[in-house]
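The chain contents come next:
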Amino acid sequence: MLVQFPNKPSIVVSGASGGERSVAAVSFIFALKEFTPAAFYILDEIDAHLDAYHVSKLADLLLEESEKIQFIVITLKPEMVNRAQRVYGVYERNGFQVW
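Read on for a plain summary of the structure. Note that the structure is predicted; figures quoted are calculated from it, not measured. (Residues numbered from 1 in each chain as written. Predicted model: local features only at pLDDT ≥ 70, side-chain atom pairs only at ≥ 80, totals over all residues. Heavy atoms only, no water.)

### A look at the overall build of the protein
Threshold: To qualify as a helix, a DSSP run of H or I must reach at least 4 residues; to qualify as a strand, a run of E must reach at least 2; elements of each kind are numbered from the N terminus. Summary of the burial criterion: residues with accessible area below 20% of their type's maximum are buried, those above 50% are exposed, and those between are partly exposed, where the area comes from a 1.4 Å probe applied to protein chains only. Only heavy atoms enter the contact rule, under which two residues are in contact if any of them lie within 4.5 Å. Using a 1.4 Å probe, the Shrake-Rupley method yields the accessible areas, and only the shown protein chains count as cover for residues.
Tallying secondary structure elements over the protein gives three helices and six strands in all. From first element to last, N terminus to C terminus, the protein shows the α and β order β-β-α-β-α-β-α-β-β. Looking at the protein as a whole, 25% of its 99 residues qualify as buried. Here the contacts in the protein between residues at least 6 apart in sequence split such that 46% fall between residues at least 24 apart. Summed over its atoms, the accessible surface of the protein is roughly 7,400 Å², and 57% of this surface lies on carbon and sulfur atoms.

See the structure below:
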């Protein structure tokens with residue numbers, strides 16, 4: 001897949017940085033959903049390689065789109081969690097998982 005970011009030449013996505021790959025993947029998912037929409041999407045750490053600013057922008061986009069489609073997002077980023085409509089947490093305490 002070729003990607004092109006503002007003020008940069010086109011590159012093969014494998015040559016992009018982690019953040020650029022994340023942006024390309026999210027863009028691809030949103031393009032696909034226009035052609036074959038689903039009732040919900042599960043996104044696992046799509047924000048892992050993004051900085052706080054871009055995580056916030058992605059969270060805002062997901063929040064806006066959530067009026068039409070449900071998103072389940074697995075994340076470790078507080079910027080994403082702070083904008084979520086509902087949060088379920090799983091963490092470990094004394095070797096046991098706690099909900």
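### Considerations on helix α1 (residues 18–35)
How we decide: In this scheme, a helix's expected span is set at 1.5 Å multiplied by one less than its residue total.
Here α1 contains 18 residues, and its C-alpha end-to-end distance of 26 Å stays within 8% of the 26 Å for a straight helix at 1.5 Å per residue. Of all the residues in α1, the buried ones are G19, E20, S22, A24, V26, F30 and K33. Of the surrounding elements, those touching the buried residues of α1 are β1 (2–3), β2 (11–12), β3 (40–44), α2 (52–65) and β4 (70–74).

### So, the nonpolar core
Note the cut-off: We define the nonpolar core as a collection of buried residues of types Ala, Val, Leu, Ile, Met, Phe, Trp, Tyr and Cys that are connected through side-chain atoms lying within 4.5 Å of one another.
Membership of the largest hydrophobic core comes to 13 residues, with the highest contact counts inside it found for L43, I46, L58, L62, F71 and M80. When residues of this core are traced back to their parent elements, those giving at least two are α1, β3 and α2. Ranked by the residues each element gives to this core, the list is headed by α2, at four residues. Excluding its chain neighbours within four sequence positions, the residues that come into contact with M80 are D47, V55, L58, A59, L62, V73 and T75.

### Some details on a nonpolar patch on the surface
Stated formally: For patch detection, residues must exceed 30% relative accessible area and be free of salt bridges, and they are connected within 9 Å for like charges or within 5 Å for nonpolar side chains (Val, Leu, Ile, Met, Phe, Trp, Tyr). Whenever Lys or Arg places a side-chain nitrogen within 4 Å of a carboxyl oxygen from Asp or Glu, that contact is recorded as a salt bridge.
Together, F40, I42, I72 and I74 make up an exposed nonpolar region whose accessible area comes to about 370 Å². Mapped onto the nonpolar patch, the elements with two or more residues apiece are β3 and β4. When you line up the elements, I72 lands in strand β4. With relative accessibility at 37%, the residue I72 sits in the partly exposed group.

### Some remarks on the packing of α1 against α2
The line we're drawing: Fitted lines through C-alpha atoms serve as axes, helices being fitted only where they are in contact, and the angles separating the N-to-C directions of these axes extend from 0 to 180 degrees. Working definition: roughly parallel below 35 degrees, roughly antiparallel above 145 degrees, roughly perpendicular at 65 to 115 degrees, and oblique for all remaining angles. By the definition used in this description, the sense in which the near helix is turned from the far one sets the handedness, with an anticlockwise turn below a right angle giving left-handed and a clockwise turn giving right-handed. The nonpolar class holds Ala, Val, Leu, Ile, Met, Phe, Trp, Tyr, Cys and Pro. Asp, Glu, Lys and Arg form the charged class, and all remaining residues, Gly among them, are polar.
The contact between α1 and α2 brings their axes to 13 Å, and the two run at 15 degrees. The angle between the axes of α1 and α2 places the two elements in the roughly parallel class. Crossing angle aside, the handedness with which α1 passes α2 is left-handed. The residues of α2 that touch α1, namely those facing V26, F30 and K33, are L58, L61, L62 and E65. Residue composition of the contact of α1 with α2, by class: five nonpolar, no polar and two charged.

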